[in-house]
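Here is what each chain is made of, one letter per residue.
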Amino acid sequence: ELYATLVGDKKNRQEQGYLFVFRDRTEEEKVDEMKNEFISIVSHELRTPLASVLGFIEILLHRKLTADKQQRYLETIYKEAHRLSTLINDFLDLQRMESGKQVYHFTPVDLAGVVRDVADQWKEKHSHAILVDAPDAEVWVRADSDRLKQIVHNLLSNAIKYSPQADRVDIAVRQENERIKLLVTDYGLGIPEESRGKLFSKFYRVDNSDRRQIGGTGLGLAIVKEIVDAHQGAISFDSVMGEGTTFSVELDSYTVPHADGSIIVLED
Ligand code: ADP
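Residues numbered from 1 in each chain as written. Predicted model: local features only at pLDDT ≥ 70, side-chain atom pairs only at ≥ 80, totals over all residues. Heavy atoms only, no water.

*Asks:* Which parts of the structure should I look at to understand the nonpolar core?
*Replies:* Note on soluble globular proteins: their nonpolar side chains tend to be buried together. Leu148, Ile151, Leu155 and Leu182 are the most contacted members of the largest nonpolar core, which totals 49 residues. Residues within four places of leucine 182 in sequence aside, it is in contact with Leu111, Val115, Ile151, Val152, Leu155, Ile171, Ala172, Val173, Phe247, Ser248 and Val249. (Core = buried A, V, L, I, M, F, W, Y, C linked by side-chain atoms within 4.5 Å. Buried < 20%, exposed > 50% of the residue type's maximum accessible area, 1.4 Å probe, protein only. Contact = heavy atoms within 4.5 Å.)

Right, dumping it as structure tokens:
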């Protein structure tokens, strides 16, 4: 931080010069700031769904309701409790990753298989068609299988969430020499220019009128970035406002060609 103060007797206009003050904001101050920000965001994010869960339970306990109403209130309670559970899990996951306590079990994992599995889970729940373009043969990457699923899940979840008017999202797996690419494409809102540098930051959410109704915590992409980094991979995105976005994750291939041209999977 740098600021300048005018030194001298201002009243008599006998300025003598400027005093420049250099101040180093210590690491501790920054940590404090982050803690405060965290407490205010998490307390809000926890309180809102919890208040609604308690409110609806109270109504169910004390009022005589039609079966139809009871059902609707129970569905709301379920949705809100689910939101709480996701927030707490995401938050704990990210804490563990950021503090270096996340243990990764790297094995050969078939990315094409993971993509098909995750897409199948989403298909049951959503209106969007999920079109998978992946080779029939296995595409081996060196990865922690559960964490790789989390990457696909979070990117797919965002693609669906942020394309409310669209009816499809595309996922592709491509092998380019030693690198494997995962591409998740939506035809939705797009990412504004001014948000692009902050998208992977913890708790960052785009604050546009077009997405105020869309729920979230701003943790999904921070988690994806942590996992990609732990895999020594790379993540990037291309986006056009109002047209859509493609997220691309690049990972090392976990295969070597055999002398006879077949592929063998490396084991640790
Ligand atoms: P969340 O979805 O919980 O807000 P994320 O970390 O997953 O948090 O994403 C951060 C922000 O990036 C979101 O608030 C959203 O505005 C924007 N974003 C993420 N993915 C997409 C996408 N596919 N299309 C448009 N915007 C996106």
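Structure's up, so let's keep going.
*Asks:* How should I be thinking about the packing of aromatic side chains in this particular structure?
*Replies:* Remark: the centre distance and the inter-plane angle together describe each pair of aromatic rings, the angle taken between the planes. Counted according to the given criterion, the structure contains 5 aromatic pairs. Judged by centre distance (5.3 Å) and plane angle (40 degrees), the rings of phenylalanine 237 and phenylalanine 247 are tilted. Highlighted residues: phenylalanine 237 in strand β8 (residues 234-240) and phenylalanine 247 in strand β9 (residues 244-252), separated in sequence by 10 residues. With respect to burial, phenylalanine 237 and phenylalanine 247 carry one shared label: buried. Taken together, the ring pairs in this structure connect Phe200, Phe237 and Phe247 into an aromatic cluster. (Phe/Tyr/Trp six-rings, centres within 6.5 Å; stacked < 30°, edge-to-face > 60°. Helix = DSSP H or I, 4+ residues; strand = E, 2+ residues; numbered from the N terminus.)

*Asks:* Before we go on, may I ask you to explain the site of the ligand in this structure?
*Replies:* Taken together, 19 residues sit near the ligand, with Asn158, Tyr162, Asp186, Arg205 and Thr217 positioned nearest. Tyrosine 162 is positioned such that a nitrogen or oxygen atom in its side chain is 2.7 Å from an oxygen atom of the ligand. Measuring from an oxygen atom of the ligand, one finds a side-chain N or O atom of arginine 205 at 2.4 Å. Here the ligand, which alone exposes 530 Å², has 98% of that area covered by the protein. Contributions of two or more residues to the shell around the ligand are made by α4 (145-161), α5 (220-230) and β9. (Near = heavy atom within 4 Å. Polar contact = N/O pair within 3.5 Å; in protein donor to acceptor, adjacent residues only side chain to side chain. Areas by Shrake-Rupley, 256 points an atom, 1.4 Å probe, with all protein chains shown as cover.)

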